[in-house]
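# Examination of the molecular architecture
Below are the chains, spelled out letter by letter.
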Amino acid sequence: MPSPTYAGDAPRGAPHPETTAIDVVAIRELAARFEHTPGGLLPALHAVQDRYGHIPRDAVPAIAEVFNLSRAEVHGVVTYYHHFRSEPAARHVVQVCRAEACQSMGGNALMAHARLRLGCAADGHHGRSADGRVTLEPVFCLGLCASSPAMSIDGELHARMTPARFDALLAETVAATEAVR
Ligand code: FES
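As recorded in an unreviewed UniProt entry, the chain goes by the name Formate dehydrogenase subunit gamma, listed as coming from Aquincola agrisoli. Under Sequence similarities (unreviewed entry), UniProt gives the following word-for-word description of the chain: "Belongs to the complex I 24 kDa subunit family."

### Some points on the sheet that holds strand 1 (residues 92-97)
Taking strand neighbours across the sheet as the criterion, the five strands line up as 2-3-1-4-5 in an open arrangement whose pairing is mixed. One side of each edge strand has no neighbouring strand; the edge strands of this open sheet are strand 2 (127-128) and strand 5 (156-158). Relative to strand 5, strand 4 (residues 151-153) runs antiparallel, the two sharing three bridges. Following the sheet pairing, I153 is matched in strand 5 by E156. Relative to strand 3 (residues 134-139), helix 6 (residues 107-118) is tilted by about 165 degrees, and along the sheet it contacts strand 1, strand 3 and strand 4.

### A few points about the packing of helix 2 (residues 41-52) against helix 4 (residues 71-80)
As a packed pair, helix 2 and helix 4 sit with axes 11 Å apart at the nearest point and diverge in direction by 70 degrees. Taken together, helix 2 and helix 4 sit at an angle that is classed as roughly perpendicular. As for how helix 2 packs across helix 4, the hand of that crossing is right-handed. Across the interface between the two elements, L41, L42 and L45 of helix 2 pack against V74, V77 and V78 of helix 4. Here the residues of the contact of helix 2 with helix 4 sort into six nonpolar, no polar and no charged.

### Remarks on the confidence of the model for the chain
For the chain, the average pLDDT comes to 85, and 85% of its residues sit at 70 or higher. Scored below 50 in pLDDT, residues 1-20 makes 18 contacts in the model with residues more than four places away or belonging to other chains.

### Observations regarding unusual backbone geometry
For the bond from S148 to P149, the omega torsion is 0 degrees, close enough to zero to count as cis. Along the chain, P149 turns up in the loop between strand 3 and strand 4. Phi at C141 is positive, roughly 80 degrees, even though this residue is not glycine. Within the secondary structure, C141 sits in the loop between strand 3 and strand 4. Among the residues examined, C141 registers a relative accessible area of 38% and is labelled partly exposed. Although it is not a glycine, R160 adopts a positive phi angle of roughly 45 degrees. Among the structural elements, R160 can be located in the loop between strand 5 and helix 7 (163-179).

### Some words on the pairing of strand 3
The element strand 3 is largely enclosed, with a buried count of six among its six residues. Where strand 1 and strand 3 come together, six bridges link them in parallel fashion. What sits directly across from C97, in strand 3, is V139. Both strand 2 and strand 3 contribute to a ladder of two bridges, which runs antiparallel. Each bridged residue has a counterpart across the sheet, and for R128 the counterpart in strand 3 is T135. A loop of five residues connects strand 2 with strand 3, the two strands running antiparallel in sequence, and G132 in this loop sits at a positive phi of about 80 degrees.

Calculation notes
- Residues numbered from 1 in each chain as written.
- Predicted model: local features only at pLDDT ≥ 70, side-chain atom pairs only at ≥ 80, totals over all residues.
- Heavy atoms only, no water.
- UniProt positions renumbered as here; feature names shortened; annotations may be inferred.
- Pairing = 2+ DSSP bridges.
- Helix = DSSP H or I, 4+ residues; strand = E, 2+ residues; numbered from the N terminus.
- Contact = heavy atoms within 4.5 Å.
- Axes fitted to C-alpha atoms, helices over the stretch in contact; angles between N-to-C directions.
- Parallel < 35°, antiparallel > 145°, perpendicular 65-115°, else oblique.
- Left-handed = near helix turned anticlockwise from the far one by under 90°.
- Nonpolar A, V, L, I, M, F, W, Y, C, P; charged D, E, K, R; others polar.
- pLDDT = per-residue confidence, 0-100.
- Buried < 20%, exposed > 50% of the residue type's maximum accessible area, 1.4 Å probe, protein only.

Set out below in C-alpha cells:
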C-alpha cells in the first residue's frame with residue numbers, strides 16, 4: 001500500500017493532492033481546528049470533504065489521532081452519515097431526496113428509476129453510473145418538501161420530479177458538459 005505523503009514532499013508543478021495522494025499534515029491541521037469543539041469530529045469531516053471532495057482513506061488515521069479515537073470509530077462515523085463519501089465523486093453528482101415528504105410523493109420510485117437509468121447498484125450510500133460519469137447519492141431533505149419529490153443535479157435543485165423529467169434533466173446536464181469540452 002502506498003505510504004501517505006507529507007507537506008513539502010510534492011515537487012513543484014505536481015498534480016493537486018485531490019487527484020493524487022493526500023497531504024496528511026494538511027488533514028491533521030484541518031481536523032485540529034475542531035479538536036476542542038464539542039462534537040468536533042463532524043465539522044472536521046465536513047471540512048475535509050469540502051476540501052477533498054471525499055474523506056480519503058488515508059485521512060482516517062490522522063483524524064482519529066486528532067480526536068483521540070480509533071480508526072474504526074472514525075470510519076464508522078464516515079460510513080454512518082450518507083453525506084460523507086469514501087470515494088471521489090464523478091463529474092456529475094445527482095442527489096435524490098429520501099426524506100419522508102418526498103418518499104410519500106414518489107421519491108422511492110424516482111430513486112429506483114435513477115439507479116436503473118444510471119446502472120448503479122441497488123443499495124449502498126453512493127453509487128456510480130455504469131459509464132462512470134455520474135455519482136448518485138441519497139440526501140435527506142433539500143428544503144423543497146412542499147414541491148416533492150425533489151433532487152439536485154450538480155447542486156441545482158429541482159422540484160416535482162418525475163422519471164421523465166429526471167431523464168430530460170440528466171441528458172441536458174451531460175450534453176452541456178460535452179458541449180464545453
Ligand atoms: S423531504 Fe424532500 S425536500 Fe424535504
